[in-house]
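Architecture and fold: a report
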Amino acid sequence: MYEKDGEKYFIVDSHSHFWDASRENWKPGAEQYAKGWIDCFYGYHQLGPPETHWDYEHYLKVSPEDFERDMFEEGHVDHAIFQSTYLREWYTTGFNTIDQNAALLEKWGNRLLVNGRFDPREGDAGIKQLEEDHKKYNFKGVKLYTAEWNNGSRGYKLSDPESYRFLEKAQELGIKNVHVHKGPTIWPLDKDAFDVADVDHAATDFQDLNFIVEHVGLPRIEDFCFMAVQEPNVYAGLSVVIGGLMHARPKFFAKVIGELMFWVGEDKMLYGGDYNIWVPKWQVEGFVDWQMPDDDAFTDYAKLTTATKKKILGLNAARLYDIPVPAELQLDTSAGEAGAPGHELVDDTAGASA
């Protein structure tokens, strides 16, 4: 457990992976896409501090020992949640599948949760697979990748009728947390397939589900914030926000955090380190030390209190996923609770945090 200046932080990394981008896994005939995808990831990797950069070969595929060291021994993470991305059009056994992630449960099952996934374009077979996977792993969440290629299709929307079948099935199975990649485009996927508008549609119709918008729709931060403030069940997933911006784009990072604090509020923001794009150590330490700049350009943004950082770094995700938190570290958070549209503004969430 991370401790700084006498304060202890319960860290839940809500967005991590254990991928296989090794050359041996590049699908014959699709090597350019497999390589281009991981090359683009490797470009994002350079946005972290120089001393954290890995060589390319190590980046392609880490070992279980690497994961243990980077996450739990050095990374300050108390619990991690795996999010899957299949990409079987480019990677023979998949880029980052449920079963790949679950291979680490045998040793770290008390500190790991594996989320499921579905693709509505898979129809009845996909519904059946979701049921079978849930029976095996007892999912509390799923990860959706709306821009993923699938047999000639280059994306889908959560508002599609077929998507609703899967969301209804998730709801029936008791899977409450829906993580949706809505943010930076990775080549060769299409940017417009990551637009946040379909989350707005689905969140209104499935108010018993929590929609965690990963990467907060970047670069569409305004679109996300104005949508999220009216949808009480929409949350801000901070993967890429912290890893991609805190070091490389500090002023833009302050703007993004400031907008999220004002419109969305500290109880609806979840830390995600996005391993192994970046390791969590510098992200956790940096965010604990970070404060809104004392600059005229940022005076209408809230300062972050220690309590705010504790919620964002772990307590909000712990509430959504029913992860036990030591009694002495618990704080009140409305994460997971139903609220009225726009209640963050009525309750003056930003002002309370200032």
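Cut-offs used in this document
Residues numbered from 1 in each chain as written. Predicted model: local features only at pLDDT ≥ 70, side-chain atom pairs only at ≥ 80, totals over all residues. Heavy atoms only, no water. Core = buried A, V, L, I, M, F, W, Y, C linked by side-chain atoms within 4.5 Å. Buried < 20%, exposed > 50% of the residue type's maximum accessible area, 1.4 Å probe, protein only. Helix = DSSP H or I, 4+ residues; strand = E, 2+ residues; numbered from the N terminus. Contact = heavy atoms within 4.5 Å. Pairing = 2+ DSSP bridges. Right-handed = clockwise from strand over helix to strand, strands pointing away.

Bringing the nonpolar core into the picture now. If you look at the biggest cluster of nonpolar residues, it comprises 108 residues, and the most contacted ones within it are Trp37, Ile38, Tyr91, Phe211, Val216, Phe224 and Leu260. Ranked by residue count, the leading element in this core is helix H11 (residues 250–263), at seven residues. Excluding residues that lie within four positions of it along the chain, Phe211 makes contacts with Leu158, Leu167, Val178, Val180, Val199, Ala202, Ala203, Phe206, Asn233, Val234 and Tyr235. Val12, Leu320, Tyr321 and Val325 belong to the second largest nonpolar core, which has 15 residues in total.

Within a sheet, each strand pairs with its neighbour through backbone hydrogen bonds, oriented either parallel or antiparallel. Strand order in the open sheet formed by six strands is E6-E7-E8-E9-E10-E11, and the pairing between neighbours is parallel. Taken across any chain shown, the strands that pair with only one partner, and hence form the sheet edges, are strand E6 (116–117) and strand E11 (269–270). In terms of strand pairing, strand E7 (residues 141–144) meets strand E8 (residues 177–181) through four bridges, oriented parallel. By the bridge assignment, Lys143 is partnered in E8 with His179.

Take the pairing of strand E9 (residues 210–214) next. Summarising burial for E9: five of the five residues are buried, a large majority. Side-chain alternation along E9 places Asn210, Ile212 and Glu214 on one buried face and Phe211 and Val213 on a second face that is also buried. Bridging between E8 and E9 involves five bridges; their strand directions are parallel. Residue pairing across strands places His181 opposite Glu214, the latter belonging to E9. Read as a crossover between parallel neighbours, the route from E8 over helix H8 (residues 197–205) to E9 is right-handed. Strand direction decides the pairing type here: E9 and strand E10 (residues 234–237), joined by four bridges, are parallel. Bridging from a neighbouring strand, Glu214 pairs with Gly237 of E10. With helix H9 (residues 221–228) bridging E9 and the parallel E10, this β-α-β connection has right-handed handedness.

The values reported here are purely geometric and, on their own, carry no functional implication.
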